[in-house]
Amino acid sequence: MKILKFGGSSVANRENIKKVFQIIKSRQKEGEIALVFSAFGGVTEVLLKSARLANEGDKSYLKDLKTLEERHLDMVRELIPIQLQSSVLTYVKVRFNELEDLFHGIFLIKECSPRTLDYVGSFGERLSAFILAEALKVEGLPATYLDAREVIRTSARFGNAKVDFSATNDLILDYFHTHPGLKVITGFIASTAKGETTTLGRSGSDYTAAIFASALDADCLEIWTDVSGVLTSDPRLVYTAFTIPQLSYNEAMELSHFGAKVIFPATMQPAMKKDIPIYIKNTFEPENPGTLINGDAPNGKIIKGISSLSDVSLLNIVGGGLIEVVGVSHRVFGALADAGVNVILISQASSEHSICIAIQSADVAIAKEVIEKEFLTEIRNGEMDPVLVVPDMAIVAAVGENMKHNPGASGRMFQALGQNNVNVYAIAQGSSELNISAVVSRVDLQKALNALHEAFFLSDNKVLHVFLVGVGLIGKALIKMIANQREKLQRENLLDIHIHGLANSRFMSFSEDGFDLKNCPMPGENGNDQAMDLEKFTQIMDDMNFSNSVFVDCTASQEVADIYERVLEAKVPIVTPNKKANSGSLERYRALKKLAGKRGVKFLYETNVAAGLPVINTLQDLMLSGDKVVRIEAVLSGSMNYIFSELEKGLPFSDVVKVAKEKGYTEPDPRDDLSGMDVARKILILGREAEQDLHFEDITIQSMVPSDCEKAGSVEEFFEKLQAHDGEFTELLQEASSKGQKLRFMAILENGKAKVGLGSFDNSHPFYNLKGSDNMILFTTERYFDFPMIIRGPGAGADVTAAGVFADVIRLGNYSR
Ligand SMILES: NC(=O)C1=CN([C@@H]2O[C@H](COP(=O)(O)OP(=O)(O)OC[C@H]3O[C@@H](n4cnc5c(N)ncnc54)[C@H](O)[C@@H]3O)[C@@H](O)[C@H]2O)C=CC1
Ligand SMILES: N[C@@H](CC=O)C(=O)O
Ligand code: NA
């Protein structure tokens, strides 16, 4: 025998009911079944609301009742052929006449006791089960309607009646023996021995089904609902949540205590006592195996699910006078129990100096009042502080029976929370080792759930959530690269990258699920894009609350570089090719590194120097291994190298500069390259990475920008003015050529000072053979003293730069595994 229970959403309309009938037919072929139905979706709520209206003297209950009657009559007309309808329609009409009389009584005497409400509530299931039994007959399944009030005996605790199992079991067995065939049973309702109608409380229909399963020693109980079983976490908060294939009864109870509303613990008890397996199945996806809940906790996942409770507050009871005083807890919890306050979590430090309690926020005022009243004398004497309330908290709980005697679960849990900047206010683990709970700030709830979900379920596949500011040349190339490499990364690196925020200087746009990177709309191209506001951008990034967020700055903007502290403070790592932050004051450069270290996040900027060439990382490795930099001699500008190489072909200087810009080698304003500023920033950064106290004032810079061009307002105007100077550059080139030399724009750092400017080199120097956008860096160090370490290759351009930024992003993924 199998018991199948269908919830309100499964029988909300004709379409759904047809699906239910399919399931019933397929199950019946497999063996004997009995069916338990809830009221049609939403009906119980309307009945109870109408009773309340009538009780308040509000006649609009009549309208609600009429609508409800029509809905049931329509259901009959839709499910049953016209020639068979009349007796069923009559049944419905008679029930509604009774209801009308009942409500009129409530309306007249303005009284609606829990007992009356139970009677009102019973109509929902009596109507649905009766109509469905008749409809099943039409489908060729002879069914007997069973009003569960005939067989389930309870106490007279109306609203949440207590079942008398011995009487109930006998009655059920007796009924089933005397009534062979398919039974269609009303969920939720029961009766006292005197025949008064009662109801079984929250999730009462599940309870009904479990009571029948237990009485009949059923092979299994199937709860058919509108979700595919119990999920690993709340899918509204954790998009990657998935169905848990199997749970032990204990795990299921623990998960439902903390938020998973699929099944209510009390309803499981009768089935659990008899070790009857419970399947949670989806009416709308019947082929999905759903969740099996039984007595097993087979080896496998240590943690089965992550659940949560929001709307929680913490009470801290603190006082030096509490140490080693016997009976403090007794008094605290006694006072709370007397006031009817439910305690969700307790944590006490072994110093006994404080007790920390989590309760529902709605109970805070009364809880504070009763505890302070209980300890009035201690508070007056200064032995205890007034109760400290920490509002707006939430509890996250990792649940799993296999964490028993299995070290590491809590380590993983708190590492994941810490790494994602989620502060933990209190912790509790029961000695049953079934659940580790942490109290966190409510604003961190979603991030905490996602971080834990990832740590326990998706640890093989890490997701980085990127927020990208600057979608010009480099930003666009980066998006394209991520789109192209995504599948490979997922497959081979177990890494996924989503972009959730995009901004240029004018607009910003966001996507909760991540943008479609193959057809990624640019900020300003979506109808609902907002005007760019950096503060707001970072705020939205915080609010989206992803674990593993990454801030990528692909601008050349000082303003963007100025918010790095704010980003790092929020424990979000930064990846950037923008040199502005690291080439500002030495104090800030150091402070940023220190802050990143303190907050435990990375600040990566390999592309600050020589684009994707491994210059910064190499230098950092040299320094870490104890080497000391003696001298750096370098060509650090891809655009300048390109310009002076192309000049050799006899092309005019202004034309070559323009092409360098078109090729994406120059800064957004090419004067940053020609003036030596860009190279100065780079040598400054290299000096600082070499642990030298280098300031901008320590650099002598030779600018290549003619003075009238400096003053030009726009880049276009600059190009116009530059033409007049073409001859001067040709002369410079000819002078070098006449000596068999080549012009290279370079930087030298030695003895704490740097020089940036044009040099000419003969073929004995490594710079002589540089081509196109090449960079070359010669590190002379204590170890590489006789022959310098040389790094050479293209040092500017969209792809080589985006590849460097991309590599830094991937590095982040690897760091935090
Ligand atoms: N082009 C290259 O070869 C290399 C470039 N870099 C660096 O990469 C960065 C980006 O360069 P490109 O992509 O060539 O520049 P770009 O001018 O093509 O793009 C800059 C982007 O930043 C946006 N932007 C500017 N100010 C902004 C603000 N305040 N808020 C939001 N967005 C803002 C612009 O709207 C644009 O989308 C620069 O810092 C550059 O120095 C580094 C290595 C090589
Ligand atoms: N404009 C720079 C590229 C970025 O750093 C260059 O020309 O090297
Ligand atoms: Na680099």
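Residues numbered from 1 in each chain as written. Chains lettered and ligands numbered in written order. Predicted model: local features only at pLDDT ≥ 70, side-chain atom pairs only at ≥ 80, totals over all residues.

An unreviewed UniProt entry annotates the protein as Aspartokinase originating from Rhodonellum psychrophilum GCM71 = DSM 17998. In its Function (unreviewed entry) section, the UniProt entry covering the protein states "Bifunctional aspartate kinase and homoserine dehydrogenase that catalyzes the first and the third steps toward the synthesis of lysine, methionine and threonine from aspartate." Within the UniProt record for the protein, the comment given under Cofactor (unreviewed entry) is "a metal cation". (UniProt positions renumbered as here; feature names shortened; annotations may be inferred.)

1. Let's talk about the overall build of the protein
Each helix and strand counted, the protein has 28 helices and 29 strands in total. Expressed as a percentage of the 817 residues in the protein, the buried residues total 45%. Partitioning the intrachain contacts of the protein with sequence separation of at least 6 by distance along the chain shows that 73% fall at a separation of at least 24. (Helix = DSSP H or I, 4+ residues; strand = E, 2+ residues; numbered from the N terminus. Buried ≥ 20, exposed ≤ 12 C-beta atoms within 10 Å, placed from the backbone. Contact = placed C-beta atoms within 7 Å.)

2. Examining the sheet that holds strand S18 (residues 495-503)
What the seven strands build is an open sheet, ordered S20-S19-S18-S17-S21-S22-S23; its pairing is mixed. Taken across any chain shown, the strands that pair with only one partner, and hence form the sheet edges, are strand S20 (530-531) and strand S23 (603-604). As paired strands, strand S17 (residues 462-469) and strand S21 (residues 549-553) are joined by five bridges and run parallel to one another. Residue Phe467 lies in a different strand from S21, and its bridge partner there is Phe551. (Pairing = 2+ DSSP bridges.)

3. Some details on the pairing of strand S11 (residues 305-318)
The element S11 is largely enclosed, with a buried count of 10 among its 14 residues. The pairing of S11 with strand S14 (residues 388-399) spans nine bridges and is classified as antiparallel. Within S14, the residue paired with Val312 across the bridge is Met393. As judged from the seven bridges shared by S11 and strand S13 (residues 354-360), these two strands associate in the antiparallel manner. Bridging from a neighbouring strand, Ile317 pairs with Ile355 of S13.

4. What to know about the sheet that holds strand S1 (residues 2-6)
Taken in spatial order, the eight strands make up an open sheet running S3-S4-S2-S1-S7-S9-S10-S8, and their pairing is mixed. Unpaired on one side and paired on the other, strand S3 (143-146) and strand S8 (246-248) mark the two borders of the sheet. Strand-to-strand twist in this sheet, taken as the mean axis angle between neighbours without regard to direction, amounts to 20 degrees. As paired strands, strand S7 (residues 220-225) and strand S9 (residues 278-282) are joined by five bridges and run parallel to one another. Of the residues in S9, the one forming a bridge with Glu222 is Tyr279. Lying on the sheet, helix H7 (residues 204-215) is in contact with S1, strand S2 (33-37), strand S4 (182-186) and S7; it crosses S1 at an angle near 175 degrees. (Axes fitted to C-alpha atoms, helices over the stretch in contact; angles between N-to-C directions.)

5. Comments concerning the environment of Ala409
Locating Ala409 in the fold gives a position in helix H13 (residues 409-419). Between the C-alpha atoms of Ala409 and Ile302, which are 107 residues apart in sequence, the distance is 7.3 Å. Residues in contact with Ala409, not counting those within four places in the same chain, are Ile302, Ile303, Ala398, Met403 and Ile436.

6. Considerations on H13
Among the residues of H13, those classed as buried are Ala409, Met413, Ala416 and Leu417. All buried residues of H13 lie within an arc of 95 degrees about the axis, which places them on one face of the element. On its buried face, H13 sits against S14, strand S15 (424-429), strand S16 (435-441) and helix H14 (445-457). Positive backbone phi, approximately 60 degrees, marks Asn421, located one or two places after H13. (Arc of directions from axis to C-beta.)

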